[in-house]
Amino acid sequence: MKMRKFGSIAEVSALGFGAMRLPTQGNAVDEAEAVKMIRYAIDNGVNYVDTAYRYHDGESELTVGKALKDGYRSKTFLATKLPVWIVKTTEDYDEILNDQLKRLQTDYIDFYLFHSIGGKTLDNLFRLELFDKMLQAKAAGKIRHIGFSFHDDYDAFVKIIDSWDKWEFCQVQYNYMDTKNQAETRGLEYAASKGIPVIVMEPVLGGKLANAPESVQKMFDSHKVKRAPVQWALDFVWNRPEVSLLLSGMSNMQQLKENLEYADKAEQNVFTEEDFALLEIVKDEYKRLRPVPCTDCKYCLPCPKKVNIPANFRIYNDTFAFGLEASRGGYFWIKSESAQLCVGCKQCEAKCPQKIEISSLMPKVHERLA
């Protein structure tokens, strides 16, 4: 496993285990398989495990806590996040953090993040004195390093970085489709210029860049350097010198083993001009084939009308990438959660990190798939 500097704090594995997409059985986490995967990752060099209070409806932290028993806690850095959108009073901070420590079966969290903040969140963090609460928790030994995960635009990213001089790291969405979206490449460079280590999430855009449609695969096959589609995505992120590690949300053992193999070869500054040129062409083709930039993060859920928004967008996008008849059958299986149930309340849009106009798209999804 290749290791990288995490500022002056530590050395971390190039690959981190993201516990947002653990294996499932039905609607529940397949705990036995998830524990097996997390321990396998640690046994093979991964030393950073990332979870959050709301992942898998709270099951993620519980599962990670069980996986890190039997000596595994001492072998890895543990990260989780404060769900700032449910914090209504200053006292809520302690209640949530203590609950997380209990779930995770640990006395401390190595890396504690404000979860999914943006420019509009900042005033609320100051109003509720949550920066002070972070410092108090750190002084008490409950957390060791303070950071934030981010979903907004570049200007908001700079505003957040500059708002507080005690940030120790940040976590941003970045992949070859998002170089001019979210924090952008400029955001990585700005954080690095301030000495703030960068963790990358969504390097494969919620799995969308892992399975190339035929037209994209032909582009990859024509290139002199041969990489699997997922390796192209991961290597693009690892190539950036500002990136300390990337997080991959792996749902089965095969994905984990493949990513470990790619991580063993992770290098910085190795992409050629021809490599970058290829990905620009691939990016254009993906934009043509996948018109809705949903990453399946599920922040839009629950919908008050029980619309499974990510599933509807996934099937809709697949009709462009893989053909209408090959994809639309999936719409039948989610008929009780389908796009036709949307009433346009827009509650989901306020929570969508990608700023997708969900309510205006749902009728189009139903029209195409019904």
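Residues numbered from 1 in each chain as written. Predicted model: local features only at pLDDT ≥ 70, side-chain atom pairs only at ≥ 80, totals over all residues. Heavy atoms only, no water.

Across its full length, the chain holds 15 helices and twelve strands. Here the C-alpha atoms of the chain give a radius of gyration of 20 Å, agreeing with the 21 Å that 2.2 N^0.38 yields for 370 residues. A total of 370 residues make up the chain; the buried ones form 58% of that total. Considering only contacts in the chain between residues 6 or more positions apart, those separated by 24 or more positions represent 76%. Carbon and sulfur atoms make up 48% of the accessible area of the chain, which totals about 16,400 Å². Across the chain, the centroid of the 49 positively charged side chains sits 2 Å from that of the 51 negatively charged ones. (Helix = DSSP H or I, 4+ residues; strand = E, 2+ residues; numbered from the N terminus. Rg over C-alpha atoms; globule rule 2.2 N^0.38 Å. Buried < 20%, exposed > 50% of the residue type's maximum accessible area, 1.4 Å probe, protein only. Contact = heavy atoms within 4.5 Å. Areas by Shrake-Rupley, 256 points an atom, 1.4 Å probe, with all protein chains shown as cover. Lys, Arg positive; Asp, Glu negative; His and termini not counted. Charge placed at Lys NZ, Arg CZ, Asp CG, Glu CD.)

Scanning all chains against the criterion turns up 24 salt bridges. Taking the shortest distance from any N to any O, the salt bridge between D70 and R39 comes out at 2.9 Å. With D70 in the loop between α2 (59-67) and β7 (77-82) and R39 in helix α1 (residues 31-43), the pair connects residues that are 31 residues apart, well separated along the chain. Residue classification places D70 among the exposed positions, given a relative accessible area of 63%. Residue classification places R39 among the buried positions, given a relative accessible area of 18%. Between E325 and R328 there is a salt bridge; the shortest N-O distance is 3.2 Å. Classification of E325 by relative accessible area gives exposed; the value is 61%. If you follow the salt bridges from partner to partner, you end up with E61, D99 and R103 in one network. (Salt bridge = Lys/Arg side-chain N within 4 Å of Asp/Glu carboxyl O.)

With that settled, consider the environment of E61. Structurally, E61 can be placed in helix α2. Distance in space between the C-alpha atoms of E61 and G7 is 26 Å, their sequence separation being 54 residues. If sequence neighbours within four positions are ignored, E61 has contacts with T51, A52, Y53, T80, Q100, R103 and L104. Polar side-chain contacts of E61 include one of 3.4 Å to the backbone nitrogen of Y53. There is a polar contact of 2.6 Å between the side chain of E61 and the side chain of T80. (Polar contact = N/O pair within 3.5 Å; in protein donor to acceptor, adjacent residues only side chain to side chain.)

Moving on, we get to the layout of surface pockets. Empty space among the atoms becomes visible once a probe the size of a water molecule is rolled across them. The space that makes up the second largest pocket amounts to roughly 410 Å³. Along its surface, the second largest pocket is lined by 19 residues, and M177, D178, L205, K287 and P293 are the ones closest to its centre. Broken down by element, the lining of the second largest pocket gets its largest block of residues, four residues, from helix α11 (residues 273-289). (1 Å grid on protein atoms, 1.4 Å probe; cavity = no way out; pocket = protein on both sides within 12 Å on 5 of 7 lines; lining within 4 Å. Points joined across faces, edges and corners; volume = space filled by probe spheres on them.)

Attention now goes to the side chain of R227. Secondary-structure assignment places R227 in the loop between α8 (214-222) and α9 (229-238). Note on R227: relative accessible area 16%, which makes it buried. For R227, the side chain forms a polar contact with the side chain of D235, separated by 2.9 Å. Those residues in contact with R227 that sit more than four places away from it in its chain are W232, D235, F271 and D275.

This next bit is on the nonpolar core. If you look at the biggest cluster of nonpolar residues, it comprises 93 residues, and the most contacted ones within it are F17, F114, F148, W167 and Y176. Per-element accounting of this core gives the leading share, seven residues, to α9. Ranked by size, the runner-up nonpolar core spans 21 residues in total, among them V292, Y331, M362 and V365. (Core = buried A, V, L, I, M, F, W, Y, C linked by side-chain atoms within 4.5 Å.)

Below, the discussion takes up the packing of helix α12 (residues 309-322) against helix α15 (residues 358-369). Interhelical geometry of α12 versus α15 gives an angle of 55° and a closest axis separation of 10 Å. Judged on the interaxial angle alone, α15 and α12 are oblique. The element α12 and its partner α15 pack so that their crossing is left-handed. Each of I309, N312, F313, I315, Y316, T319 and F320 in α12 lies in contact with α15, whose residues at this interface are I358, L361, M362, K364, V365, R368 and L369. Taken together, the residues that form the contact of α12 with α15 break down as ten nonpolar, two polar and two charged. (Axes fitted to C-alpha atoms, helices over the stretch in contact; angles between N-to-C directions. Parallel < 35°, antiparallel > 145°, perpendicular 65-115°, else oblique. Left-handed = near helix turned anticlockwise from the far one by under 90°. Nonpolar A, V, L, I, M, F, W, Y, C, P; charged D, E, K, R; others polar.)

Note that K283 resides in helix α11. You can call K283 buried: its relative accessible area is 7%. Not counting chain neighbours up to four residues away, the residues in contact with K283 comprise Y176, M177 and T179.

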